[in-house]
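Reading the structure
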Amino acid sequence: MKADYYETLGVQKGADEKALKSAFRKLAMQFHPDKNPGDHEAERKFKEIGEAYETLKDPQKRAAYDRFGHAAFEHGGGGFGAHGFGAAGGFADIFEDIFGEMMGGARQRRGSGRERGGDLRYNMEITLEEAYSGKTAQIRVPTSIVCEDCSGNGAKPGTQPATCTMCGGAGRVRAAQGFFSIERTCPTCNGRGQIIKDPCGKCSGQGRVVQERSLSVNIPAGIEDGTRIRLTGEGEAGMRGGPAGDLYIFLSVKPHEFFQRDGADLYCKVPISMTTASLGGQFEVSTLDGTQTRVKIPEGTQNGKQFRMKGKGMPVLRQPAMGDLFIQIDIETPQNLTRRQRELLEEFEKISSKENSPQSTGFFSRMKEFFEGISE
Ligand SMILES: [Zn+2]
Ligand SMILES: [Zn+2]
């Protein structure tokens, strides 16, 4: 057997709207699931008072209830049959309305003036060194924030937005048109359900003000070019207490002077002289960890040869692993020769054998033979 709605809310049968609301608020606060985690009895009670208030605050439903009791809302009852309380919709919204107001947000009903704030995009460029070590970036974002003076409800401090008398706060009105009853947005409040008589001076009743906001953004080590970081709820504040949008940080990593990146691996093209390549040698390259690493070149190193420096690449995002650094050899042919250098190279050429240049010696005759073989 269902408890009487008036008893549930602890009010007299003739209680006015204001008394109903204040009784509901008090009880809703007391039995709110956030305040009673895991308490099923409180949860049940919370639902009961929600249902009772939802019914009694609506003059038509209240009249039906006063006449028929709970039977008014049962299947085949007094004409309200299909309106289920348990379903998502009216029931959930009513708590949002009330709690929104209590939190100063004056959140609006579904489909009406509850406007979500816009998403913001922020382009950030970082260096490869910063992508390597990760960083906390301080950014300044021009955005709308909830107005402090009115806590976002748009009403002058000390006043409250009034419930729209045209639509009773529903934001929608019904108009009879022939046989049909058509629902449309309330023209008086533009669907907000509320009228602000004295708008807040700071935000002109918008509930939000534009302000540059400072945010710190954590850029994890190993982040890739083109990554989008989403900061939920850090976008523009909503209109009159609506939910905030999100802030998206579009991250790009500047091209590096010496390193090319492929995932966690780095590539570095190192030009070396023909003689170093031929005789062998060594050199040091700077790495992103701020140290130097020595690369040994064996004699007879060919152009394009790669040397792998293990663990000298980029950090792997959110993993304790490192990529590698690949040193790519780019042999530089001597140019602007002096007479003496030319003589020495000509001398060198004369005494060279097939063993010195196995790839190039006889290449053209081998190629010619190959194609003659095909044409025969
Ligand atoms: Zn304000
Ligand atoms: Zn209205």
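Source: prediction; values computed, not measured.

Each value, and the rule that gives it
Residues numbered from 1 in each chain as written. Chains lettered and ligands numbered in written order. Predicted model: local features only at pLDDT ≥ 70, side-chain atom pairs only at ≥ 80, totals over all residues. Heavy atoms only, no water. 1 Å grid on protein atoms, 1.4 Å probe; cavity = no way out; pocket = protein on both sides within 12 Å on 5 of 7 lines; lining within 4 Å. Points joined across faces, edges and corners; volume = space filled by probe spheres on them. Helix = DSSP H or I, 4+ residues; strand = E, 2+ residues; numbered from the N terminus. Donors = N, O, S within 2.8 Å, 3.2 Å for Na, K, Ca; no water. Buried < 20%, exposed > 50% of the residue type's maximum accessible area, 1.4 Å probe, protein only. UniProt positions renumbered as here; feature names shortened; annotations may be inferred. Patch = residues over 30% accessible without salt bridge, like charges linked within 9 Å, V, L, I, M, F, W, Y side chains within 5 Å. Areas by Shrake-Rupley, 256 points an atom, 1.4 Å probe, with all protein chains shown as cover. Salt bridge = Lys/Arg side-chain N within 4 Å of Asp/Glu carboxyl O. Pairing = 2+ DSSP bridges. Axes fitted to C-alpha atoms, helices over the stretch in contact; angles between N-to-C directions.

**Some details on the layout of surface pockets**
Its volume calculated, the second largest pocket comes out at about 750 Å³. Considering the residues around the second largest pocket, the lining is formed by 21 residues, among which Met274, Ser278, Phe348, Asn356 and Ser357 are closest to the centre. The set of elements that each furnish at least two residues to the lining of the second largest pocket consists of α7 (274–279) and α8 (339–350). Looking at the lining of the second largest pocket, the element that brings in the most residues is α7, giving five residues.

**Notes on the coordination of the zinc ion (ligand 2)**
Around the zinc ion (ligand 2), the donor atoms from the protein are Cys164 (SG), Cys167 (SG), Cys186 (SG) and Cys189 (SG), and they sit 2.2 to 2.3 Å away. For the zinc ion (ligand 2), the single-chain donor residues occur in sequence as C-x2-C-x18-C-x2-C. Remark: cysteine 189 occurs in the loop between β5 (180–185) and β6 (194–195) and cysteine 167 occurs in the loop between β3 (162–163) and β4 (172–177); sequence separation between them is 22 residues. Relative accessible area serves as the criterion here: at 12%, cysteine 167 is assigned to the buried category. Exposure remark for cysteine 189: the relative accessible area of 3% places this residue in the buried category.

**Some thoughts on the UniProt feature "repeat: CXXCXGXG motif" (unreviewed entry) in the chain**
As recorded in UniProt, the feature "repeat: CXXCXGXG motif" (unreviewed entry) lies at residues 147–154, 164–171, 186–193 and 200–207. What you have in residues 147–154 is 0% helix and 0% strand, and the ends, taken at the C-alpha atoms, are 8 Å apart. Annotation note: span residues 186–193, helix share 0%, strand share 0%, distance between end C-alpha atoms 8 Å.

**Remarks on a nonpolar patch on the surface**
A contiguous nonpolar surface patch, about 680 Å² in accessible area, is contributed by Phe363, Phe364, Met367, Phe370, Phe371 and Ile374. Tracing the chain through its elements places phenylalanine 371 in helix α9 (residues 363–375). According to the relative accessible area criterion, phenylalanine 371 is partly exposed, its value standing at 48%.

**As for the sheet that holds strand β15 (residues 325–332)**
Two pairing modes exist for strands in a sheet, parallel and antiparallel, and in both the strands are linked by backbone hydrogen bonds. One open sheet holds the four strands; their spatial order is β10-β11-β15-β14, and the pairing between them is mixed. A single partner strand is all that each edge strand has here, and the edge strands are β10 (260–262) and β14 (306–309). Adjacent strand axes in the sheet meet at a mean angle of 30° when their direction is disregarded. Relative to β15, strand β11 (residues 265–273) runs parallel, the two sharing eight bridges. Counterpart to tyrosine 267 in the pairing with β15 is phenylalanine 326.

**Section: the sheet that holds strand β8 (residues 228–231)**
Strand order in the open sheet formed by three strands is β1-β9-β8, with mixed pairing between adjacent strands. Sheet topology places β1 (120–126) and β8 at the edges, where each strand pairs with a single neighbour. Averaged over all neighbouring strand pairs, the angle between strand axes comes to 25°, with direction disregarded. Pairing between β1 and strand β9 (residues 247–253): seven bridges, direction parallel. Looking at β9, one finds that asparagine 123 is bridged to phenylalanine 250.

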